[in-house]
Amino acid sequence: MKIYTRRTAFLLALIAAVASSCSSDNEGKSIPEHGYLLGFRTATDPTADYILYETDLASGTVSARGNGIEQGGWSYYAKAGDTYLALDYDNSIAKGYRFKEDGLGLEEVGEFAFERMDCFGKGLNGTAIAIGAPWGGGSYDCKIQIVDGASVSIANSKTTPIYESFYTNDEEETIQLNAWPTATWIKNNKLYVSFYPVIGPTWETPVTDTAYVSVYSYPALEYETTFKDTRTGPVGYYSSQPCVLEDESGDLYTLSSSSFAAGYTQATKPSGILRINSGESEFDEAYFFNVEEEGYRVLGGVYVGNGKVVARVISVTIDNQAPAWAAFSVVDAPIHNIAVLDLEDKTIEIVDEVPLHGGQYLTPFMVENGKVWASITTSATDAFVYEIDPATATAVKGARIDGSEIQTFSKY
Amino acid sequence: MFQLRNSTPELRTLCTFLLLTLFLTATVNAQTTASLSGKIFDNAGNLLPFSSVTIDTLNKGVVSDEDAAYRIDKVPAGTYRVSAAMIGYKKQIRMVTLNGKSVTLNFSLEEDTQALTEVTITGEKDAVQKTRELPFSVNSIDVVPMQNLNMDVNTVLNRSTGIRIRQDGGLGSDFSFSLNGFSGNQVRFFIDGIPANVFGSTMQFNNIPVNIIERIEVYKGVVPVYLGADALGGAVNIVTSDNAKDFLDVSYGFGSFNTHQAAIASRATFKKNVVINASAFFNYSDNDYAVDAQLVDKNTGKISDPKPFKLFNEDYISGSVMVEAGVVKTKWADRFLIGLVASENEKHYQRGRAMVLNPAGEVFRTDKGITPTLKYQKRNLFVENLSLNVAGVYSQTETMSVDTSSRIYSWDGTYVMREFGSTSGELSWYKTKFRFNDRAAFNTATLEYVHNKRHTFTLNNTYSYFWRKGSDPLASQYDANVAFSDPNTLTKNITGFSYTLGLLDNHWKTMVFAKLFQMKTSVQVQDESEEYYSTTDKTVNHGVGFATSLFVTKNFQLKTSYENTTRLPETEELFGDGLLLQPNMVLKPERSHNFNFDVLYRKPFREDHVLNAEGGFIYRLPEDLIRTKAIGVMSVNENLADTKVWGLEGAVRYSYKQQVSVEVNATYQDMRNNTPPDYDRIPNIPYLFGNAIVGVTSRELTERRLRVGFNWATMFVEEFFLNWPSQGSADTKYAIPRQLSHDVAVSLSSFKGKYNISLACWNVTDSKLYDNFKVQRPGRSFNVKLRFYIDKFKD
């Protein structure tokens, strides 16, 4: 009897040990009350996307190992009010997440289907703007969609070409160009869309000598006008890179890349930055920052304060040799630098601590305490979060990314 | 009946004695002699291999071979009493007079329904059992008992240890087989030793009527050299029946989802052993079964809760005609057949390889092909025990994939026109009307020499050449670079040599082998800026290995094998299918160390009860494992650099006569990416699955020899993840849920199978079953099959 009991006790202990070791494997990280929400992409083959909670980006490792909300496919992220949107590009389904009542973790609050959403901007009253464009051509219309965060659905939409233009090629054929949206924002009851002209099916850019912004009424979404500037090329490039930055006074700075790596098949104007003064519907003729003169082309960036911008740039020498779309290769083309741009002094300073690294879709930067967090991938096995200080143009290597990149940073 | 236990050793002694006598007689006899030979059949004309034939007065006896043929040489002139016996049949005695001239004497044994008792002789083996004894990890499925049960080949295979068949949808869908955890093209399929894929896509396994199949050999791990295969995981060889001289087999099945399957198979034998085989298959299905899907509000994008919707664009039609003529059993050839296969196929696709919110309503694919074939077999070529087996196949196939619609469909069948991005197809990124022409040549030759029944030397060479040229009038509008605009070719040459040694009366068999794999690709590859350029690549790989099997006792057998081998990519893996499987022109051959260990146990007890148990262990280290990766609704094959696999499988089977059988089997496979720290299980492949099968067949009832059969099968597949398991928290991960389903079939046959009718219900409980990437399979369905079969064996 005694033996029997002892044996039973041993068996129970064993089961308990096994069970506890199993559960500790499966148990994800506990969800912190405050921290960062990250859109994380693994380095597995194929990659997979997860939404992670993190408290520390300055050290340690950011990992989806046993942790994070799995996404249905390759995802973009946007925010509509307090609703986080994960837009699964493979399946064209957007999921909405909000923090639970107790603040501990997100809960899925709805989903909607979309045909295309290529360019994102902040909307009013808890909405996001998402513009869909004809990938691969076939038509010239885009679809401006207002996504409502509360109901997780498309509240309003407008089909419009954004801008109609034509191009006559060497064979004297007239080709209609698509206007591919690159950034969108709302100011003073107007909705603005910057774009670049492209031949739909071939992605060629035969017209690169003008920066454009189209203006719509808001909320009616009626087309009003398109304003232009010929000192530099079109604003932004494919995949809603952060290319229109707002400063403390509400002035907007637009980044024109003129970059081959970013998908331009020609560049006829220097890469540079124009200004749209607060509330205006035109470029400020008094302002132009010729970035290319400094030996670099500017791709995307974030405004930090005091006229300082942290940007991802590519040297003119490298860019001139880069294959098309190299700026989207996270792992295989480490060709980018991080730079601090001074909008007033029109200077550029390369941040030496950040190595040459790959580019991203929808390049994410996050400003915190006057510094900028960025996801820097240098090879298949090396990806880190860097904290960039624009005041000194230096950076500190932070947490290791146990994956290929971070697709979005958000503080909560 | 009551003396069974005692009689067994006696009979064994008797057999040994008979064989010994035969041996002695053969060596001392010098007078005028003749040989007596023939075949043993049952009443219905089926061959009865391994029957014993004895010349009673001479005490001379032999056991008929696997083709049921026997031959007793050097019989002195005289009149003899010759008897033929087989367990379960009434012994037959016939008188024969020999006067120096050889005589053919066939026996037709009547089934002993009274007393299928006695004698479970150790020497009693059927072809199925014999295959099990090869020094491979092999599982031979005797399909004869299943022929009246309206089963298709896949269903039969699904019920064998270690085999799992996954199907994307209903009739006509792609199949993916996994054998002991190896899947897709790691497992090769053969029909009479010729790879099934060379006959064209219509010649799917499932289209072969079970009626003309004798047995299915399933090799796990090491594959015999004569199959010429570079399969890593194993091979399945369907052996068709050669028994009947003339036969006609007509079957027609119809069932749920407007599914019709008709098949005719026939053979006619003329003078001088001229044979004509003719067969035709026709399959049609609407495949309009219901799947759970969601509707989308066109304005808000809001997604409804899932509801069942009938599929409306998954119909499938295929037809195939095969004619083959030649001679059999002549001096210069046991089999010489020249044939022609013509086939045509059309399949519609509502879904890709993943579930989508907007199904495709107009996508389809057609192919038609013509395939001349040649088969030559000769045993005792020039010298005794030297056999040659040659097969040559050439095929020309024209395939077209069409995805040109600008409609956006909903699951309820309604559609709207695409507002923008009208260059996109429903499933493809760009609209496509891709046509391609394939030409393929394949030949295989095997030379085998058996010396002293103990030494077997086998040499095989398999050569294949594949050529594809394609054009796409739509895609070329957007892109001057269309895949396959210049011909792409793949050449493969595999040479194998093996030596098999049988010791201890062939109770211990060992095979060693060496293989040489050569591959040459001449393909167009895209560079970084997506321009195509031509490149030629040659690879040479070697493989060696051994396999050994030993009967420790008469009931207990051990098998083990090791090989270091290579699997060359299949044409489709490299070149894609033109629609859902994208090409990967730089796919590398897969190399692997494979180790198998199996234990087989067979215990007859209490008269007619038999207990079989099998257990297997596998361990493998594949390098550059070729794996199918999902890309949205598409997929592509890729190499996984370093993987590790171990697995266990087990099966227990109990049977009583041919009337009752119960089997339970289970397989666990641990297939992992061999990289730290996760050693992640490879996702989207089932890793734990099992089956349970109960079959009951009545003995013959009434004058009309009526038999009633009942079959129950349960399938279980454990839940598995869509993406790498280590990433993300378990409760949020996408998974293919645990699946449990049951199939039931009832059959009725009369006059020894001349008339058959069977009724089947698949997925009785209407449970939700999924396959690749959560693609839902049919719910409960019914099927009725009628079959008429006549044959003639004698001249």
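Keep in mind the model is a prediction, meaning the values are calculated, not measured. Note that residues are indexed from 1 along each chain, following the sequence as it is written. Whichever chain is written first becomes A and whichever ligand is written first becomes 1, with later ones labelled in order. Predicted model: local features are reported for residues with pLDDT of at least 70 only, side-chain atom pairs are reported and counted for 80 or more only, and whole-chain, interface and lining totals are derived from all residues. The basis for the side-chain values is all heavy atoms of the structure; hydrogens and waters are excluded.

**As for the packing of aromatic side chains**
To describe a pair of aromatic rings, you give the distance between the ring centres and the angle between the ring planes. Here a pair means two rings of Phe, Tyr or Trp (six-membered ring of Trp) with centres within 6.5 Å. Their orientation is stacked below 30 degrees between planes, edge-to-face above 60, and tilted elsewhere. The tally for this structure, following the rule as stated, stands at 48 aromatic pairs over all chains. The interplanar angle of 90° and the centroid separation of 5.8 Å between the aromatic rings of A:Trp203 and A:Trp325 together place this pair among those described as edge-to-face. One end of the pair, A:Trp203, is in the loop between β15 (190–198) and β16 (211–217); the other, A:Trp325, is in the loop between α2 (316–321) and β24 (337–342), with 122 residues separating them in the sequence. A 1.4 Å probe rolled over the protein chains alone gives each residue an accessible area, and that area as a share of the maximum for its type sets the label: buried under 20%, exposed over 50%, partly exposed in between. Given a relative accessible area of 10%, A:Trp203 falls into the buried group. Here A:Trp325 falls in the partly exposed class, since its relative accessible area comes to 29%. A ring pair is formed by A:Tyr238 and A:Tyr361, whose centres lie 6.5 Å apart and whose planes are at 80°; its orientation type is edge-to-face. In this pair, A:Tyr238 is assigned in the loop between β17 (223–229) and β18 (244–246) and A:Tyr361 in the loop between β25 (347–350) and β26 (365–368), connecting sequence segments 123 residues apart. Taking NZ or CZ as reference, B:Arg468 lies 3.9 Å from the ring centre of B:Phe436, over its face. Each helix is a run of DSSP H or I of at least 4 residues and each strand a run of E of at least 2, with the numbering of both proceeding from the N terminus. Note on criteria: charge over ring means Lys NZ or Arg CZ within 6 Å of the ring centre, with the direction from the centre no more than 35 degrees off the ring normal.

**Examining the pattern of salt bridges**
Basic side-chain nitrogens of Lys or Arg form a salt bridge, by our definition, when they fall within 4 Å of a carboxyl oxygen of Asp or Glu. Evaluated as defined, the whole model comprises 36 salt bridges over all chains. Across the pair A:Asp49 and A:Arg41 runs a salt bridge, and its minimum N-O distance is 2.8 Å. Both residues of the pair, A:Asp49 and A:Arg41, belong to the buried class. The residue A:Arg41 makes a salt bridge to A:Glu405 at a minimum N-O spacing of 3.0 Å. With a gap of 364 residues between them, A:Arg41 in strand β1 (residues 36–41) and A:Glu405 in strand β30 (residues 405–411) connect regions that are remote in the sequence. Each member of the pair, A:Arg41 as well as A:Glu405, carries the same accessibility label: buried. Ionic contacts of the salt-bridge type, sharing partners, join the residues A:Asp45, B:Arg627, B:Lys629 and B:Glu638 into one network.

**Re the confidence of the model for chain A**
Mean pLDDT over chain A stands at 91; residues scoring 70 or higher make up 93%. Predicted confidence is poor over residues 1–28 of chain A, with pLDDT under 50, and the contacts of this stretch with residues over four places away or in other chains come to three contacts. Here pLDDT means the predictor's own confidence in every residue, given as a number from 0 to 100. The contact criterion used is simple: two residues touch if any of their non-hydrogen atoms lie within 4.5 Å.

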